[in-house]
Amino acid sequence: MNIEFKKVSLEDRELINRYLAMQKTRSCELTFANIYLWSAYYRVDYAIVEDTLVFRGSESTVFFDFPIGHSQKLRPALEALMQYCREQGQEFVLGLVTPEKFALLEELYPGVFEIEYDRDAADYVYETEKLANLSGKKYHGKKNHINKFLRTYPEWKYETIDDSNVEDCFQMALAWRRLNGCEEDEEKTAEMCVTLNSLRLMKELELRGGLLRVNGEVVAFSIGEPVCDDTMVVHIEKAFSAVDGAYPMINQQFVLHEAMEYTYVNREEDLGEEGLRRAKLSYHPVFMVEKGTVRLKER
């Protein structure tokens, strides 16, 4: 089985988006910008297999994403991938599989595969209206942080990121990198590379962004994009921790200015980081996008 995988490039955007548009997903990974920006770190490439789009990742072990395309093409694509794995002498593994996709797999191959869900990879999805208004008792703490920000920094300002201010965000990101010791941590270094490339390629990748200024200086910014017709995904959020309330403020303001036409906001996974998990849970997600790894059952 000859399947030719190739690196993801900016020139592939139209082709990849054509396939991505064939499915509705709220999974934060499945946008062209996210795939392109992280492809070097996670060693992601892609192929068209039986008229479906298949991504391959090989960060630690080789795995395939669930084939993307028309449902009638799913079985031929899976058969081709399994044949490819047999010929390559590698295990057939599907990664980032949601419960909905596993249900499709079970329809085609009843009892053949098993899935192991990874809590650290589950996306947090929130109701847009609740992130914007923060009304009710359970958001009392968030409202207090924002009110303190408003009292402390009366000269604050929100701006949508465009050609006129993107360089200011770039310089703020460089300062954030220095303050947070990113050079000593491989994952933080990769995240900062993605952040800087997101700012550099905002137009090309059709990303949306917003920033906060205090006394004229950028103290926070956020970058996201629609992942489907009812969900905005926030990929990047950076703020100076010394500016009290900057994180909840940019969270709220980005939603108010860039995401109100969407029902939900996906704020991605917590990667098992305890502090990040507490922070994401404190905003009370309406549901999680579960993702797991699929393998053949042992017989």
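Keep in mind that what you see is a predicted model, and the values were worked out from it rather than measured.

Q: Explain the pattern of salt bridges here, please?
A: According to the stated counting rule, one finds 22 salt bridges in the structure shown. The partner of Lys291 in a salt bridge is Asp123, with the nearest N and O atoms 2.7 Å apart. Of this pair, Lys291 sits in the loop between β13 (287–289) and β14 (292–296) while Asp123 sits in strand β7 (residues 123–127), placing them 168 residues apart in sequence. The same class applies to Lys291 as to Asp123, namely buried. The partner of Lys130 in a salt bridge is Glu127, and the shortest N-O contact between them spans 3.3 Å. Relative accessible area serves as the criterion here: at 29%, Glu127 is assigned to the partly exposed category. Linked by salt bridges that have partners in common, Lys24, Arg26, Asp229 and Asp230 make up one network.

Q: Mind showing me how you'd approach the sheet that holds β13 here?
A: Two strands in a sheet stick together by hydrogen bonds in their backbones, pointing the same way (parallel) or opposite ways (antiparallel). The seven strands lie next to each other as β8-β9-β10-β11-β12-β7-β13, forming an open sheet whose pairing is mixed. Of all the strands in the sheet, just β8 (157–160) and β13 have a single pairing partner and so form its edges. Shown here is a sheet whose adjacent strand axes are inclined to one another by a mean of 30 degrees, direction ignored.

Scoring rules and cut-offs
Residues numbered from 1 in each chain as written. Predicted model: local features only at pLDDT ≥ 70, side-chain atom pairs only at ≥ 80, totals over all residues. Heavy atoms only, no water. Salt bridge = Lys/Arg side-chain N within 4 Å of Asp/Glu carboxyl O. Helix = DSSP H or I, 4+ residues; strand = E, 2+ residues; numbered from the N terminus. Buried < 20%, exposed > 50% of the residue type's maximum accessible area, 1.4 Å probe, protein only. Pairing = 2+ DSSP bridges. Axes fitted to C-alpha atoms, helices over the stretch in contact; angles between N-to-C directions.

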